[in-house]
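Letter by letter, the chains look like this.
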Protein chains: 2
Amino acid sequence: MTTSAAAPLAPTERLLCGPGPTNVDPIALAAMQRPILGHLDPELQDILTEVVRMLRIVYRAPDGLVLPLQATGTSGMETGLVNLTQPGDTVIVGASGYFGRRLIEIAKRAGCDVVEVVEDWGVHVPNERLLAAAEEHPDAVLMAVVHGETSTGSLHPLAELGAAMKDSSTLLMADCVTTLGGTELDIGGWGIDYAYSCTQKCVGSAPGMSPIAVSEAAIERFDARRIPAPFAFDFNLLKKYWVDRPTVYHHTAPILHIYALYEVLRATLDEGVQERCARHVAAGTHLQERVRVAGMRLIAEPGHQLPQLSAIRVPDGVDGKAVASELLSEHGIEVGGGLPGAPPMWRIGLMGPNATTQTADRVLDALLGVMQRHGAAVSA
Amino acid sequence: MTTSAAAPLAPTERLLCGPGPTNVDPIALAAMQRPILGHLDPELQDILTEVVRMLRIVYRAPDGLVLPLQATGTSGMETGLVNLTQPGDTVIVGASGYFGRRLIEIAKRAGCDVVEVVEDWGVHVPNERLLAAAEEHPDAVLMAVVHGETSTGSLHPLAELGAAMKDSSTLLMADCVTTLGGTELDIGGWGIDYAYSCTQKCVGSAPGMSPIAVSEAAIERFDARRIPAPFAFDFNLLKKYWVDRPTVYHHTAPILHIYALYEVLRATLDEGVQERCARHVAAGTHLQERVRVAGMRLIAEPGHQLPQLSAIRVPDGVDGKAVASELLSEHGIEVGGGLPGAPPMWRIGLMGPNATTQTADRVLDALLGVMQRHGAAVSA
């Protein structure tokens, strides 16, 4: 092992159109250059308060606890499962992709008995099956589903599930990692008890935080735990630090990421949440239309397709990895591949600043060009 | 609740000389403006590899697993306790400040039987007491101590403890939150099994990551768990993602923070780890000498004083909070106060880019000036 310093950092410019991270909104990058405040500075309090207020609007979660964890989306997922269950609890999980399966794995690690309601990749989990499981397991403390399945581009009918579960004592948890900021949410109205997301997809900031929304009912459940929850993600300690203040120490907040989130939330409200989501729909449906015209197929079922993430089946005889690799090296465009266990696919994300029809065209033109060079028969 | 966007972000310029975060090194800020790569981009692999290689040098931890968690220092602490123990295990904790007490609390939350070896604020926990506890509890799976107690400025004689514990089956864990990058460490040589830190203190980057060093023995212990560890901070999953690669998905890494860490580590090696630590010593001892000359007292015992963090006892009759508040509002200088339970104090950190005698003079001049205005008798 040499002990000398590494070469200066020199990353290549990329257009990030995979499943995330997306390119960071320039206003978020600019925010990260602002003077850093201490995390207990009185001036920071207004910033935290505004982040929470704006996040409530984007989540449409007027009640309960809303804040961004300093965490990955996966930690946001694990926090919900660990904080809202105790070993031996029954949990129902709907899974038809990688992240649904991850919910199952984490719930099992947390010591839960998991009722797995599983469908094939890209097939949405029907609410009827989930509700039947809930009827069969009235003691289930939690039901977890994936609103936007990042591994397949499948969109779950969450509003309908929430309405049907309204009077149930089973808490409802939703993975909104790929939907927050790109798909209209109504966490309060739908009765979602725990939602988690990330900052590096439709929100358009850098990877580094996991915005969560916890309902009053979920907080009551948390307060009634017989086994203490982990310290770092304890809802009450987080609330004292982020919301109640002043100067209750819990951890050191990631100030620059909070600045970045503040500015993208501000831009989201300036644009309008509805308008921002409509922009994601316009870009995504444009791309998906062109995919169909080119004779290719999407992994997600029609009617359950996320606009912001298009998982395209790699046509037979085409080496999907080679095509993606050439897109990156020749065009500087990143698209995702399939996650372990999934069928061969390309995942194209049009998120945050990249949710435009121009970017959709740029990615698809490049993809079709590379495919043609690889001998695939596609109609442009 | 108004639904309009917040005012544009406009934080005031501060000189951050509290216990952290420190002002971010300009090279770290510049790094965060570089083109963002996807977290599975082949180009990122070299960057991760170099971060790990450079981090090993600063920790002096050639073996085992070394990487930065996307986490707070507190999560780094909790990860060690949760991953290396199981409910019912006996754990010995040395505590003479807020973070030692936090180790006790988190170990209890994790279901451990905690042997508390406690001293008063600022009094270092003698190794003799810790070793006596180890002899009394040969079944203890872990001993945890705080190398640099951020709440008091006390430095633990860690090398000696490591040497004395060398043949013990009890793992040794150390809080290096305030020491990494400012105090010479020899994690491998001292036989530390789990060290954790943060990026926003002597490392000189932004708050957002928690660099850890895990020994081979600790990984063996982790592998032998009967109860699974949490998913997000599972050592083996992290190793596959950060080190083994390519393209094993686990979470989305905080790319811009990794860039920032890359550049400050590079600068550290360019400066020399020894030279960087000597700079922290020079700045801190200069400040501490002036504190003594001014007739004030430090909280930490002589001979166990961290250079980079000076906890100064607030003189009788002085309103410590009012002085700190005026330092912030009049001079734009942040110093820390005492954490809950601690005696009244100011905590002055000279860390990362702020570890210079010039900054020491600037802070102390301002402090003495404000104190005088508040009617305190101090000799300049």
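What you see is a predicted model; the values in this text were computed from it and never measured.

**As for the relation of the copies chain A and chain B**
Once chain A is rotated about the relating axis by 180° and shifted along it by 0.0 Å, it coincides with chain B to within an RMSD of 0.0 Å. Such a turn and shift between the copies fits a two-fold axis. The position closest to the rotation axis in chain A is occupied by the C-alpha of A71(A), lying 3.0 Å away. Of the interface residues in chain A, 100% have counterparts in chain B that sit at the interface too, so the contact is made through matching surfaces.

**Concerning the interface of chain A and chain B**
The accessible area lost on association of the parts is a frequent measure of interface size. In this assembly, 68 residues from chain A lie in contact with 68 residues from chain B. Among the secondary structure elements, those contributing two or more residues to the side of chain A that touches chain B are α1 (26-31), α2 (42-59), α3 (73-84), α4 (98-109) and α10 (255-271) of chain A. A breakdown of the residues in the side of chain A that touches chain B according to their chemical character gives 35 nonpolar, 19 polar and 14 charged.

**Some thoughts on the sheet that holds strand β4 (residues 113-118) of chain B**
Residue and element names in this part refer to chain B. In spatial order, the strands read β2-β10-β9-β8-β5-β3-β4; together these seven strands make up an open sheet with mixed pairing. Two strands close off the open sheet at either side, each with one partner strand: β2 (65-69) and β4. Neighbouring strand axes in the sheet, compared pairwise and without regard to direction, differ in orientation by 15° on average. The sheet contact formed by strand β5 (residues 142-146) and strand β8 (residues 171-175) spans five bridges and is parallel. Bridged to A144 within β8 is M173. Of the strands in this sheet, β5 and β8 are in contact with helix α6 (residues 158-165), which crosses β8 at around 170°.

**Quick look at the domain arrangement of chain A**
All names here are of chain A. Segmenting chain A into domains produces domain 1 (15-20 + 273-373) and domain 2 (26-269). Computed from C-alpha atoms alone, the centre-to-centre distance between domain 1 and domain 2 is 26 Å. Secondary-structure elements contributing two or more residues to the side of domain 1 that touches domain 2 are α11 (273-293) and β11 (309-313). Per-element accounting of the side of domain 1 that touches domain 2 gives the leading share, five residues, to α11.

Criteria and thresholds
Residues numbered from 1 in each chain as written. Chains lettered and ligands numbered in written order. Predicted model: local features only at pLDDT ≥ 70, side-chain atom pairs only at ≥ 80, totals over all residues. Least-squares fit on C-alpha atoms with pLDDT ≥ 70 in both. Contact = placed C-beta atoms within 7 Å. Helix = DSSP H or I, 4+ residues; strand = E, 2+ residues; numbered from the N terminus. Nonpolar A, V, L, I, M, F, W, Y, C, P; charged D, E, K, R; others polar. Pairing = 2+ DSSP bridges. Axes fitted to C-alpha atoms, helices over the stretch in contact; angles between N-to-C directions. Domains from an automatic or database assignment.

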